[in-house]
Amino acid sequence: MGYEINKDNAVTNEGNQYRLKALMKRAQAGEPLTIGFLGGSITQGSLASSPGLCYAARVFSWWQKTFPDAEFQYVNAGIGGTTSQFGVARIEDDLLSHQPDFVIVEFSVNDESNEHFLETYEGVVRRVYASEKQPAVLLVHNVYYDTGANAQLQHAKIGRHYSLPCVSMQSSIYPELLAGRIQNRDITEDDLHPNDKGHELVAEVICHFLKKVLEHADDSEEAVPMPGPLTENSYEHSVRYRNENSSPVLEGFIKDETPQEGITDVFKRGWYASEKGSRITFTVKGTGIAVQYKRTPSCNSPYVKITVDGNTQEIHTIDGNFPNGWGDELALYTVTEHTELKDHTVTLELTESGTNPFYLVSVIGANV
């Protein structure tokens, strides 16, 4: 079944297209190019019946078909259930290490619509835009198809500030559902993740924009320098500490040395403990600290208190329980933000024992 979507409405910001036009000329010349995607579960391909049917793979296929003389590499750095706060901390390993020439950033249904995620999203955009290959960047805003909710209000501010093209499903596909011309279950099983038809529509909207740019690729356009930050920008230089690049003090915690199989195999290269009183202590430099850990619906995981710089007046409490959850969750808890730039001591201590171990995936330092 075909749908008549006003794809032109999807373009919420034309942006400066100098890099994208230059990239297309390189593709026409047959250069080897890398097409990258960074985002959450929709980018990873959740609910597509096969990896090749997700929107990212379909957009990659557009590049291959449109420029048959070029050699393309596909990098899908989508990880389900994750935000731009985690994205900026992992971006070097998962995406930029592949030196992408074109990057789609997609976090608008994972981030909340607030100033915290405005700042973390800006960190992602600045890291990509300033990276070695100076890639063309396209911001994509997916949407909850039952409510129309997303973080586009905040993310679009970054798109405009950096003069980046932005393409939105909120203003293209979602209005068709409101009008009754598309039924929710035709394109999504859970009102968030597209099925095969939904991924196809998302890809069509994105590729429609790319085709329009290609039609005007010979039009002159000047590059624009990257402006200064819009926010405090304390997340651009985030570092993720895992057991291969840090040596915390372990008192009852055990280092997990199980090999990791790909970037979506997320519960690896961390530490775990089950007994009350077990402690793990890090020294983290930065103005912000976050801890990343596993939450599981099987519950019976111990509670953990977090202290920073020995400050017992401000103790944070987390646990690994995810009652009525959809599966194991990669949780990220912000402990401090916009504090003094210095070395901070961070301690996690189990306040009780549990039949399920508490699993610490990583500690993230912001503005390192």
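Above this text is the structure in question.
Residues numbered from 1 in each chain as written. Predicted model: local features only at pLDDT ≥ 70, side-chain atom pairs only at ≥ 80, totals over all residues. Heavy atoms only, no water.

Description of the overall build of the protein
To be explicit about the condition: Put simply, DSSP H or I for four residues or longer makes a helix, DSSP E for two residues or longer makes a strand, and each gets a number counted from the N terminus. The atom set for the radius of gyration is the C-alpha atoms, and the globule formula is 2.2 Å times the number of residues raised to the power 0.38. Whether a residue is buried, partly exposed or exposed follows from its accessible area with a 1.4 Å probe, protein chains only, as a fraction of its type maximum: under 20%, in between, or over 50%, in that order. Only the protein chains shown count as cover for residues, with accessible areas throughout obtained via the Shrake-Rupley method and a probe of 1.4 Å. For the purpose of counting charges, residues Lys and Arg are taken to be positive, whereas Asp and Glu are taken to be negative. His and the chain ends are not included. Charge coordinates come from a single atom per side chain, which is NZ of Lys, CZ of Arg, CG of Asp or CD of Glu.
If you tally the helices and strands in the protein, you get nine helices and 17 strands. The C-alpha atoms of the protein give 21 Å as radius of gyration, which agrees with the globular expectation for 368 residues (21 Å, within 12%). Counting over 368 residues, the protein shows a buried share of 55%. By element, 45% of the accessible surface of the protein is carried by carbon and sulfur atoms, the whole surface being about 15,600 Å². If the 30 positive side-chain charges of the protein are averaged to one point and the 50 negative ones to another, these points end up 1 Å apart.

A look at the sheet that holds strand 2 (residues 32–39)
The condition is simple: When DSSP finds two or more bridges between a pair of strands, those strands are recorded as paired. For helices, the axis comes from a line fit to the C-alpha atoms of the stretch in contact; other axes are also lines fit to C-alpha atoms, and the angle between any two N-to-C directions lies between 0 and 180 degrees.
Taken together, six strands build an open sheet; the order of strands is 1-6-5-4-2-3 and the sheet is mixed. The strands lining the two open edges of the sheet, one partner per strand, are strand 1 (11–13) and strand 3 (71–78). Strand-to-strand twist of the sheet, defined as the mean angle between neighbouring strand axes without regard to direction, takes the value 20°. Judged from the eight bridges that link them, strand 2 and strand 3 form a sheet pairing that is parallel.

Remarks on the packing of helix 3 (residues 55–66) against helix 9 (residues 196–215)
Let me state the cut-off plainly: A clockwise turn of the near helix away from the far one marks a right-handed crossing, whereas an anticlockwise turn of less than a right angle marks a left-handed crossing. In this description, contact between two residues means that some pair of their heavy atoms is separated by no more than 4.5 Å. Ten residue types, Ala, Val, Leu, Ile, Met, Phe, Trp, Tyr, Cys and Pro, are classed as nonpolar, four, Asp, Glu, Lys and Arg, as charged, and the remainder, Gly among them, as polar.
Packing of helix 3 against helix 9 leaves a shortest axis separation of 8 Å and a crossing angle of 40°. Considering only the axes of helix 3 and helix 9, their crossing is right-handed. Here Tyr55, Arg58, Val59, Trp62, Trp63 and Thr66 of helix 3 lie close against helix 9, whose contacting residues are Asp196, His199, Glu200, Val202, Ala203, Ile206, Cys207, Leu210, Lys211 and Leu214. Residue classes in the contact of helix 3 with helix 9 are distributed as 10 nonpolar, two polar and four charged.

A closer look at the packing of aromatic side chains
Which entries qualify depends on this criterion: In this scheme Phe, Tyr and Trp rings, the latter by its six-membered ring, pair at centre separations within 6.5 Å, and the angle between planes marks the pair as stacked below 30 degrees, edge-to-face above 60, and tilted otherwise.
According to the stated counting rule, one finds 13 aromatic pairs in the structure shown. When the ring of tryptophan 62 is compared with that of phenylalanine 67, the centres are 6.0 Å apart and the planes differ by 85°; the resulting orientation is edge-to-face. For the pair shown, tryptophan 62 and phenylalanine 67 are each scored as buried. Here tryptophan 63 and phenylalanine 72 contribute two aromatic rings whose centre-to-centre distance is 6.2 Å and whose plane-to-plane angle is 55°, an arrangement assigned as tilted. The class for tryptophan 63 is buried, based on a relative accessible area of 0%.

Side note on the pairing of strand 16 (residues 342–350)
In the sheet, strand 11 (residues 279–286) pairs with strand 16 via eight bridges, with the strands oriented antiparallel. When the sheet's bridge partners are listed, lysine 285 is paired in strand 16 with aspartate 343. Across five bridges, the pairing between strand 13 (residues 303–308) and strand 16 is antiparallel. Its bridge partner lying in strand 16, threonine 307 is registered against threonine 347.

Focus on the nonpolar core
As a rule of thumb, soluble globular proteins bury nonpolar side chains together. The cut-off we apply is this: The nonpolar core is taken to be a set of buried Ala, Val, Leu, Ile, Met, Phe, Trp, Tyr and Cys residues, with the residues joined through side-chain atoms within 4.5 Å.
The biggest cluster of nonpolar side chains holds 48 residues, and the ones touching the most others in it are Trp63 and Ile206. Breaking this core down by element, the ones donating at least two residues are helix 1 (18–28), strand 2, helix 3, strand 4 (102–106), strand 5 (136–141), helix 7 (174–178) and helix 9. Sorting elements by how many residues they give to this core places helix 9 first, with nine residues. Not counting residues up to four positions away in its chain, the partners in contact with isoleucine 206 are Tyr55, Val59, Ile104, Leu138, Val140, Val167 and Met169. Counting residues in hydrophobic clusters, the runner-up holds 24 residues, among them Val75, Val125, Leu164 and Cys166.

Some details on empty space enclosed by the protein
Heads up, the condition is: Put plainly, a pocket is an open set of points on a 1 Å grid over the protein atoms alone with protein on both sides within 12 Å along at least five of seven lines, a cavity is a set where a 1.4 Å probe fits but cannot get out, and a lining residue has an atom within 4 Å of a point. Grid points are joined across faces, edges and corners, and a volume is the space filled by probe spheres set on the points.
Within the structure shown, the criterion is met by two cavities of 30 Å³ or more. Considered as a void within the structure, the largest cavity measures approximately 60 Å³ in volume. Lining the largest cavity, in full, are Asn16, Gln17, Arg19, Leu20, Tyr129, Ala136, Val137, Leu164 and Pro165. When residues of the lining of the largest cavity are traced back to their parent elements, those giving at least two are helix 1 and strand 5. Counted by class, the lining of the largest cavity contains six nonpolar, two polar and one charged residues. One number sums up the size of the second largest cavity: a volume of about 30 Å³. The wall of the second largest cavity is formed by Gln85, Tyr235, Gly288, Ile289, Ala290, Thr334, Thr336, Ile364, Gly365 and Ala366. Of the residues assigned to the lining of the second largest cavity, the class counts are five nonpolar, five polar and no charged.

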